[in-house]
Amino acid sequence: MNESSDPDFSREMAGTSHPQTASPHAAVHVLIVEDDRSYVGLIRTMLESGWTHRFVFEQAPSLHQALDRMRRSEFDVVLLDLNLEDARGIVALTGIAKVAPDLPIVILSGDDDLTLSLRAVKQGAQDYLVKTDVTPDTLTRSLLFAIERKHAERETKRVALRDSLTNLPNRRLMLEQLIIALHRAKRLQRVLGIFFIDLDHFKHVNDTLGHDAGDAILQQVAGRLRHVLRASDIVARLSGDEFVAVVDANRRADLIGKAAEIEFQLRQPFAIRNEEVFMTASIGVSSYPADGVDHTTLLRNADRAMY
């Protein structure tokens, strides 16, 4: 079946973004991946039957066209049939989940198959609805709940991978990012610098000024490191007053200048309770590939260099 060109049936939504929650005042942008136009019309009727939420629709009759629309527009939720001409069963689900892992997906299937439904949820779907059982109430609730559940999943993941004080990546996320950065540096034949940064005598700050002051300094350190590093670089808080930065460079010599920039930033006074507190930092640097080719060796060598 050819994709509908009716502007009221398929609406473009370029430039929209995923809401954190399904606000009743914001339109919910739904991508309906279904090749039966008459059933898409029924879905539209059900979602427009008096609920406080406003739904905006766009339809794709195949997985290929759905992926194309996802590249051009952003959606809040996908309503997916598992019996498409170019993708049947779990293949349709994994095809979308791979491209947009943070996008909520609700399965709307003609198959009342418990095994398939459990597998779909395990593979990333937020819900599995059987077409013959769907009502306007169940469909609307399913879409809205899927958005909320996905938001909760993202928030749980963010908390698990972020330092709660500075919102920088924690050790676990930093390791994941470093491994990816090493693969990229190897592929592009780039230099990668690993910086271990430790604040000198930080315990003295906590002992004399209190932990609130120490926390404020750590937050300011995080801000300064973000400022001196590019968005493509990695900066993480390992624990206490230990930070790690991963910097992509053309030459190993470029890392010397970056270390000097970091040191200069951290020598500037910190504003604590209308007073200025001065700190220094010890910085150790290792580089790929000169000082190691795997993340364990590079981190160990940067840690040793710091001392």
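Quantities reported herein were computed from a predicted structural model and do not represent experimental measurements. (Residues numbered from 1 in each chain as written. Predicted model: local features only at pLDDT ≥ 70, side-chain atom pairs only at ≥ 80, totals over all residues. Heavy atoms only, no water.)

**Student:** How should I be thinking about the overall build of the chain in this particular structure?
**Tutor:** Each helix and strand in the chain was counted, giving 10 helices and 11 strands. Computed over its C-alpha atoms, the radius of gyration of the chain comes to 25 Å, more than 25% above the 19 Å expected for a compact globule of 307 residues. Dimensions of the chain, computed from C-alpha atoms along their principal axes, come out at roughly 70 × 45 × 35 Å. Put simply, the chain has 307 residues, and 49% of those count as buried. The long-range fraction of contacts in the chain, counting pairs at least 24 apart against all pairs at least 6 apart in sequence, stands at 70%. For the chain, the accessible surface area stands at approximately 16,000 Å², while carbon and sulfur atoms represent 51% of it. Counting 37 positive and 44 negative side-chain charges, the chain places the averaged centre of each group 5 Å from the other. (Helix = DSSP H or I, 4+ residues; strand = E, 2+ residues; numbered from the N terminus. Rg over C-alpha atoms; globule rule 2.2 N^0.38 Å. Buried < 20%, exposed > 50% of the residue type's maximum accessible area, 1.4 Å probe, protein only. Contact = heavy atoms within 4.5 Å. Areas by Shrake-Rupley, 256 points an atom, 1.4 Å probe, with all protein chains shown as cover. Lys, Arg positive; Asp, Glu negative; His and termini not counted. Charge placed at Lys NZ, Arg CZ, Asp CG, Glu CD.)

**Student:** Would you mind going over the nonpolar core with me for this structure?
**Tutor:** By size, the foremost hydrophobic cluster in this structure holds 29 residues, and its most contacted members are Phe195, Ile197, Leu199, Ile217, Val221, Leu266 and Met279. Of all elements in the fold, only strand S6 (191–199), helix H7 (202–209), helix H8 (211–228), strand S8 (242–249), helix H9 (254–267) and strand S9 (270–272) reach the threshold of two or more residues within this core. Among the elements that make up this core, the one with the highest residue count is H8 (7 residues). Residue contacts for leucine 266: discarding those within four places in its chain leaves Ile197, Leu199, Val221, Arg224, Met279 and Ala281. Val78, Ala92, Leu93 and Leu116 belong to the second largest nonpolar core, which has 27 residues in total. (Core = buried A, V, L, I, M, F, W, Y, C linked by side-chain atoms within 4.5 Å.)

**Student:** Mind showing me how you'd approach the sheet that holds strand S1 (residues 28–33) here?
**Tutor:** The strands that make up a sheet pair up through hydrogen bonds in the backbone, lying either parallel or antiparallel. Sheet architecture is open: 5 strands sit in the order S2-S1-S3-S4-S5, paired in parallel fashion. At either margin of the open sheet sits one strand with a lone partner, and together these are strand S2 (55–60) and strand S5 (127–130). In this sheet, neighbouring strand axes are inclined to one another by 20° on average, regardless of whether the strands run parallel or antiparallel. Set on the sheet, helix H2 (residues 63–72) makes contact with S1 and S2; between it and S2 the angle comes to about 130°. (Pairing = 2+ DSSP bridges. Axes fitted to C-alpha atoms, helices over the stretch in contact; angles between N-to-C directions.)

**Student:** Help me out: how do you make sense of the pattern of salt bridges in this one?
**Tutor:** Note on pairing: side chains with opposite charge can pair once their charged atoms come close. A full pass over the atoms with the stated rule returns 17 salt bridges. A salt bridge links lysine 131 to glutamate 34; its shortest N-O distance comes to 2.8 Å. Taken together, the positions of lysine 131 in the loop between S5 and helix H5 (136–161) and glutamate 34 in the loop between S1 and helix H1 (37–47) put the pair 97 residues apart, joining distant regions of the chain. For the pair lysine 131 and glutamate 34, a shared accessibility class is recorded, and that class is buried. A salt bridge links lysine 203 to aspartate 207; the shortest N-O distance between them is 2.8 Å. Linking lysine 203 with aspartate 207, this pair stays in helix H7, spanning 4 residues, or about one helical turn. (Salt bridge = Lys/Arg side-chain N within 4 Å of Asp/Glu carboxyl O.)

**Student:** What is the right way to look at the environment of aspartate 102 in this model?
**Tutor:** Within the secondary structure layout, aspartate 102 lies in the loop between helix H3 (90–99) and strand S4 (105–109). With relative accessibility at 43%, the residue aspartate 102 sits in the partly exposed group. Distance in space between the C-alpha atoms of aspartate 102 and glutamate 153 is 8.9 Å, their sequence separation being 51 residues. Excluding residues within four positions of it along the chain, aspartate 102 makes contact with Lys150 and Arg154.

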